[in-house]
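# Structural overview for review
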Amino acid sequence: LSSSTLRPLVLPELNHTKESIHSDDTLAALTIYLEARGESFAGKLAVAAVIRNRMNFKYHSDGTVKDTVLRPKQFEPWIGRHPEDVRFDPTNRKMLDCLLAWNLVQDGRNIVDGAVLFYNPQLVKTPRWAQVNRKVATIGGHEFFNKHTI
């Protein structure tokens, strides 16, 4: 990676709004952390790419981080949990890795072939959408799918 393609790593600041106390970068990093904290860095990058892809394609999203990750029934960690319940800890290496993964995918790199869906088959039964969409990658415990049908 060249230094010209990397954004500087900036630790998140709290953004005090009515909807969320977190900045967009923090909210994305927390989502990646909650979804993939036990995965390799490649797995964290893949989840980050899915969030970015959903934003770009406006797939169950209005194109913003907040609407993408907090939209009902889209990202499991936020089902029944409020963003205010989770704090970003800048001393937590896994959280910092998630923030770095989020920053890295902002250059548009193609990590998971346009995937907008993923799940962990060891934790949940196969969703219906996984039976009709094309699997493009398996990274760690997650399987990734794009919207091209089989």
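Throughout, residues of each chain are indexed from 1 in the direction in which the sequence is written. Under the rules for a predicted model, residues below a pLDDT of 70 receive no local features and side-chain atom pairs below 80 are neither given nor counted, while totals for whole chains, interfaces and linings still include all residues. No hydrogens and no water enter the side-chain calculation; it runs on all heavy atoms of the structure.

### Structural notes on the packing of helix α1 (residues 24-36) against helix α4 (residues 93-104)
Convention followed: Convention adopted: a line fitted to C-alpha atoms gives each axis, helices being fitted over their contacting stretch, and angles between N-to-C directions are expressed from 0 to 180 degrees. Every helix listed is a DSSP run of H or I at least four residues long, and every strand listed is a run of E at least two residues long, numbered separately from the N terminus. By convention the crossing between two helices is left-handed if the near helix lies anticlockwise of the far one by an angle smaller than a right angle, and right-handed if it lies clockwise. Working rule for contacts: check all heavy atoms of both residues, and any pair within 4.5 Å makes them a contact. The classification used treats Ala, Val, Leu, Ile, Met, Phe, Trp, Tyr, Cys and Pro as nonpolar, Asp, Glu, Lys and Arg as charged, and all other residues, Gly among them, as polar.
Close contact between α1 and α4 brings their axes to 8 Å; oriented N to C, the two are set at 120 degrees. Every pair of crossing elements has a handedness; the one defined by α1 and α4 is right-handed. Residues Asp25, Ala28, Ala29, Leu30, Ile32 and Tyr33 of α1 pack against Lys94, Met95, Cys98, Leu99, Trp102 and Asn103 of α4. The residue inventory of the contact of α1 with α4, partitioned by class, reads nine nonpolar, one polar and two charged.

### Quick look at the nonpolar core
For clarity, the cut-off: Working definition of a nonpolar core: buried Ala, Val, Leu, Ile, Met, Phe, Trp, Tyr and Cys residues. They are joined through side-chain atoms within 4.5 Å. Relative accessibility thresholds used throughout: buried, under 20% of the residue-type maximum; exposed, over 50%; partly exposed, between the two (1.4 Å probe, protein chains only).
Counting residues in each nonpolar core, the largest one holds 36 residues, and the members touching the most others are Trp78, Trp102, Val112 and Phe144. Listing elements by their share of this core, those giving two or more residues are α1, α2 (41-57), α3 (65-70), α4 and β2 (133-139). Excluding residues that lie within four positions of it along the chain, Trp78 makes contacts with Leu27, Leu30, Thr31, Leu34, Val69, Leu70, Pro83 and Val86. With six residues, the next largest nonpolar core counts Tyr59, Val116, Leu117 and Phe145 among its residues.

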